[in-house]
Amino acid sequence: MVRSCQLPPHDATTFAVSAIVCVGVVISYLPQLIRIIRAKSSVGLSPFFLFLGTTSSWSAMLNVIVLQWRLISCSLEEVGWISVEHIMGALQATLQQVMFTLVFVFFLSYYPVDPAEYRRVKRRNQRRQQRQAGENNGHLQVPGSGNESSGSDSDLESIQSHVHQSYGATPHASSSRESESLMAHARRQKGYSNIPKAMRGILERHHLPLAEEIHGKVGSVQEYDLATTLAKIAFVYILVIVTVSVTLVSTHSRRHNLEHWASVLGFAGGLLAMLQYLPQIVHTARARLVRSVSILTMLVQVPGSVIFIYALSGRDGINWTSLLPYVVAAVLQGTLLILCLVWKWRQHREGIDDYGRPINSAAL
């Protein structure tokens, strides 16, 4: 073997730690994936969190691969555990990327949007845009006061959703007595009297939406549209950085060029990682519920991140730009874990499940 392709000496400790980390990365994501599958809902995860995490993990993975490409290519010429040892850093980053990307895929696959509701919202938005484009059509119509009853229904649904989120959730009434009880409940909610009288009149002639429609596992059409848009942007971003990386390594670009591109990927991954958990922290803080976020996954990943960073730092060719995304992500994930534990304690105290439904009547 030529001198330029000599492999570093064998390090049993680093290899063992890296192997444990690789297995741990896969295991740590399983509770999150299983939670989504069992709940048949991914509501509660922030689309921006998944978008930033996916793009960050791809950037970090390619950063490691580009920096270690010569070592990886040399290792591929050998057969045996010794050669595998030297690609463990790239394998760690790759597994991290694959598992996080799977979470994004599961989010899109299990996001519960009723197709009929999706089409209804699309038509509603189109009608709303048409009304806004016209003259003197910006006021709220009361049902039965005009010809556009569908527009009134749309406005009513929007008001119901807002009131339900802000002033409390109650089930549909199936009788006049239950209807009176429902409105009595609504009137007792803090701030209900601040709703304009005309809107209160509309609400008191119609049912409020189901609790599960707002606080349960039913998703928002707007959030689903946002997630699909972000997924498309992520795909384009990944396609670009993969193309550039493959081009550089396949054309045997100079070491200086590889390091420069790896630094770009490292900074991009670090920036995305710094922003990654902020949307999820805000999303969970506003919901005041754990929802589909897996606490078990974070309980494994937060301490595991320390081992992950240690194992990666011991690989040949790795510099601080490779470690930055993982360090930042670990700190912010720890913050999210603390927040979820606080909400979990609050839910237990108030007798509700992760989706805000009473435990005695919710299907866990």
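Predicted model, so just to flag it, every value in this text is computed and none were measured.

**Q** For this particular structure, what's the right way to read the overall build of the protein?
**A** Counting its regular elements, the protein contains 14 helices and zero strands. Classification of the 364 residues of the protein by burial places 44% in the buried group. Across the protein, the fraction of contacts at a sequence separation of at least 24, relative to all contacts at a separation of at least 6, is 82%.

**Q** What's the story with the UniProt feature "transmembrane region" (unreviewed entry) in the protein in this structure? I'm lost.
**A** UniProt marks residues 12–31, 43–67, 87–113, 230–249, 261–278, 290–311 and 323–343 with the feature "transmembrane region" (unreviewed entry), using the numbering shown here. Helix makes up 100% of residues 261–278 and strand 0%, whereas the separation of the span's terminal C-alpha atoms amounts to 27 Å. Taken end to end, residues 290–311 has its terminal C-alpha atoms 31 Å apart, with 77% of it in helix and 0% in strand.

**Q** How should I be thinking about the packing of aromatic side chains in this particular structure?
**A** We describe a pair of aromatic rings using the distance from one ring centre to the other and the angle between the two ring planes. Under the counting rule described, the total for this entry stands at six aromatic pairs. The interplanar angle of 50° and the centroid separation of 5.1 Å between the aromatic rings of F49 and Y277 together place this pair among those described as tilted. Remark: Y277 occurs in helix α12 (residues 255–287) and F49 occurs in helix α2 (residues 47–67); sequence separation between them is 228 residues. Its relative accessible area of 8% is what places F49 among the buried residues. Put simply, the rings of Y29, F49, F100 and Y277 touch in pairs and so form one group of aromatic residues. Across the ring face of W343, the terminal group of R346 is positioned such that the distance to the ring centre comes to 5.9 Å.

**Q** Would you mind going over helix α11 (residues 221–250) with me for this structure?
**A** A turn of α-helix holds 3.6 residues, and therefore any two residues three or four places apart point the same way. In a regular helix each residue adds 1.5 Å, so 30 residues correspond to 44 Å; α11 covers 43 Å between its end C-alpha atoms and thus fits that length. Looking at α11, one finds that the buried residues are V221, E223, D225, A227, L230, A234, I238, I241, S245, L248 and V249. H252 sits one or two positions beyond α11 and adopts a positive phi of about 55°.

**Q** Explain the pattern of salt bridges to me, please; I cannot follow it from the model alone.
**A** When their charged atoms lie close together, side chains carrying opposite charge are able to pair. What the rule picks out here adds up to three salt bridges. Between D354 and R35 there is a salt bridge; the shortest N-O distance is 2.5 Å. One end of the pair, D354, is in the segment after α14 (320–350); the other, R35, is in helix α1 (residues 12–39), and 319 residues separate them in sequence. Of the charged contacts, one joins D354 and K344 as a salt bridge, the two residues approaching to 2.8 Å between their closest N and O atoms. In this pair, D354 sits in the segment after α14 while K344 sits in helix α14, placing the two residues 10 residues apart along the sequence. With relative accessibility at 10%, the residue D354 sits in the buried group. A residue is classified by how much of its surface remains accessible, and K344, at 37% relative accessible area, is partly exposed. Here the salt bridges do not stand alone but share partners, grouping R35, K344 and D354 into one network.

Thresholds, definitions, all that
- Residues numbered from 1 in each chain as written.
- Predicted model: local features only at pLDDT ≥ 70, side-chain atom pairs only at ≥ 80, totals over all residues.
- Heavy atoms only, no water.
- Helix = DSSP H or I, 4+ residues; strand = E, 2+ residues; numbered from the N terminus.
- Buried < 20%, exposed > 50% of the residue type's maximum accessible area, 1.4 Å probe, protein only.
- Contact = heavy atoms within 4.5 Å.
- UniProt positions renumbered as here; feature names shortened; annotations may be inferred.
- Phe/Tyr/Trp six-rings, centres within 6.5 Å; stacked < 30°, edge-to-face > 60°.
- Lys NZ or Arg CZ within 6 Å of the ring centre and 35° of its normal.
- Expected span 1.5 Å × (residues − 1).
- Salt bridge = Lys/Arg side-chain N within 4 Å of Asp/Glu carboxyl O.

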